[in-house]
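Residue-level structural notes
Spelled out from the first residue to the last, the chains are:
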Amino acid sequence: MTVTNQVVAVVPAAGIGSRMRCDRPKQYLMLGNKTILEHTLQALISHPAISRIVIALSPQDKYFRQLPVANAPWLTVVDGGTERADSVLNALHTLNADDWALVHDAARPCLNHKDVDTLLRTMNHSEVSGGILATPVRDTMKRATEASPETQAVVDKTESRERLWHALTPQLFPAGALRIALEKGLQRKLAITDEASAMEAAGYRVALIDADPANIKITRPADMPLAAFYLQQLHTADRQD
Ligand SMILES: Nc1ccn([C@@H]2O[C@H](COP(=O)(O)OP(=O)(O)OP(=O)(O)O)[C@@H](O)[C@H]2O)c(=O)n1
Ligand SMILES: C[C@](O)(CO)[C@H](O)COP(=O)(O)O
């Protein structure tokens, strides 16, 4: 794959944010003077390698059209699907097969450009088919026993954290190969929770890029003050660069 092929950002933003337990989908919660989604879109479109973003929105989304970015010329909107993978697949149908798809969660606004630069360099590595931002696990990992929501969770066993990483986003793959891998993974009813899992199931090698753990996915209420802090740190660093 050559670097002249276009890099298109794909942003799955059709979730309801149930774990955030708030009055709107979490991507529309405010962080400072913008919504989480606006911060994420800005982090992507301000990178020099990204000229277009395809965003997947819920067909019932009533918030997005109120945002100034809704009419951006570099933005294509598609319908999201039942699962995140369905939303990504719908977006991929608007890309050329030889585009590079840089898939990034709407719920991850604290993305820094240095990590994107490192990820883009995997496009030139012949021994992998793409790559993902990731961070090594730091804590001891416990597997719980089967339990009902009412019972106290107890440890079944301690899992080895040897070579164990948290997968983050963006995840970068050739759009054509990713589309086929996602279609096959969904047909096989595999648990496709990120793009890499579909590519792995299709037999591809995926690079792990050791990235800034500040690139958190805002999932639960406790993530909001942390994301606000990391965004402030990012903007301070940008002003100093
Ligand atoms: N059918 C879906 C489900 C999720 N997403 C997006 O995928 C990203 C990561 O998903 P997650 O953090 O799980 O978001 P939600 O599904 O909204 O959260 P929850 O699981 O708490 O409902 C989010 O930007 C979300 O908007 C999507 O585009 N389409
Ligand atoms: C894609 C992802 O952010 C990588 O960690 C994660 O799999 C999304 O999972 P979710 O359950 O859809 O939030």
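So, a few notes on the structure that sits alongside this text. Because the structure is predicted, anything quoted here is derived from the model rather than measured.

**Remarks on the overall build of the chain**
The helix and strand inventory of the chain stands at six helices and 11 strands. Relative to a compact globule of 241 residues, whose C-alpha radius of gyration would be 18 Å, the chain shows 18 Å and is just as compact. Projected onto its principal axes, the C-alpha positions of the chain cover 50 × 40 × 40 Å. Within the chain, buried positions represent 47% of all 241 residues. Considering only residue pairs separated by 6 or more positions, the chain has 70% of its internal contacts joining residues 24 or more positions apart. For the chain, the accessible area works out to roughly 12,900 Å², and carbon and sulfur atoms hold 50% of it.

**Thoughts on the environment of Val206**
Inspection of the secondary structure puts Val206 in the loop between helix H5 (195–201) and strand E11 (207–210). For the pair Val206 and Ala72, spaced 134 residues apart in sequence, the C-alpha separation works out to 32 Å. Those residues in contact with Val206, other than ones at most four positions away along the chain, are Val128, Gly130, Gly131, Ile132, Phe173, Ala196, Met199 and Glu200.

**Quick word on helix H4 (residues 175–187)**
In this model, H4 (13 residues) spans 18 Å end to end at C-alpha, consistent with the 18 Å of a helix rising 1.5 Å per residue. Taken as a whole, H4 has its buried residues at Ala175, Gly176, Ala177, Leu178, Ala181, Leu182 and Gly185. Buried-residue contacts for H4 involve helix H2 (84–92), strand E6 (100–103), strand E10 (165–174) and H5. Phi for Lys189, located one or two positions after H4, is positive at around 55°.

**Here's the deal with the site of ligand 1**
In the vicinity of ligand 1, 19 residues are found, and the nearest of them are Gly17, Ser18, Arg19, Lys26 and Ser87. Between an oxygen atom of ligand 1 and a main-chain N or O atom of Gly15, the distance comes to 3.0 Å. In this structure, Ile16 approaches ligand 1 through a main-chain N or O atom, which is 3.1 Å from an oxygen atom. When the free accessible area of ligand 1 is taken as 560 Å², the share hidden by the protein chains comes to 87%. Breaking the shell around ligand 1 down by element, the ones donating at least two residues are strand E1 (7–13) and H2.

**So, the sheet that holds E1**
An order of E5-E4-E1-E6-E10-E7-E11 is seen for the seven strands of this open sheet, with the pairing classed as mixed. If you trace the sheet from one side to the other, it starts and ends with strand E5 (75–79) and E11, each paired once. Sheet twist, expressed as the average angle between the axes of neighbouring strands with direction ignored, equals 30°. In terms of strand pairing, E6 meets E10 through four bridges, oriented antiparallel. Across the sheet, residue Val103 finds its bridge partner in E10, namely Gln171. Relative to the sheet, H2 contacts E1, strand E4 (50–57), E5, E6 and E10, its axis offset from that of E1 by approximately 145°.

**Examining the pattern of salt bridges**
Scanning the model with the defined rule gives five salt bridges in all. Asp105 is the salt-bridge partner of Arg84, the closest N and O atoms lying 2.8 Å from each other. Placement of Arg84 in helix H2 and of Asp105 in the loop between E6 and helix H3 (113–120) is noted, with a sequence separation of 21 residues between them. Assessed through its relative accessible area of 23%, Arg84 is described here as partly exposed.

What counts as what
Within each chain, residues carry numbers counting from 1 in the order of the written sequence. Lettering for chains starts from A, numbering for ligands starts from 1, and both go in the order in which the items are written. With pLDDT at 70 or above as the cut-off, local features in this predicted model cover only qualifying residues; side-chain atom pairs require 80 or more to be listed or tallied, and sums for whole chains, interfaces and linings still use all residues. Computation of side-chain values: all heavy atoms of the structure, hydrogens and water removed. The secondary structure listing takes helices from DSSP runs of H or I that are at least 4 residues long and strands from runs of E that are at least 2 residues long, numbered from the N terminus. Here the globule rule reads 2.2 Å times residues to the power 0.38, and the radius of gyration is calculated from C-alpha atoms. Here the term buried applies to any residue with accessible area under 20% of the maximum for its type, exposed to any over 50%, and partly exposed to those in between, with areas from a 1.4 Å probe on protein chains only. Throughout, a residue-residue contact means that at least one pair of heavy atoms, one from each residue, lies within 4.5 Å. Note that accessible areas follow from Shrake-Rupley with a 1.4 Å probe, and for residues the cover is restricted to the protein chains shown. Multiplying one less than the number of residues by 1.5 Å gives the expected span of a helix. Whether a residue is near a molecule or strand depends on its heavy atoms: if one lies within 4 Å, it is near. In protein, a polar contact means a hydrogen-donor-capable atom and an acceptor-capable atom, both N or O and within 3.5 Å, with residues adjacent in sequence counting only if both atoms are side-chain atoms; elsewhere, any N or O pair within 3.5 Å suffices. One requirement defines pairing of two strands: DSSP has to find at least two bridges between them. Think of each axis as a best-fit line through the C-alpha atoms, taken over the contacting stretch in the case of a helix, with angles from 0 to 180 degrees between the N-to-C directions. A pair is scored as a salt bridge if a Lys or Arg side-chain nitrogen falls within 4 Å of a carboxyl oxygen belonging to Asp or Glu.

Function cannot be inferred from these measures alone, as they are strictly geometric.
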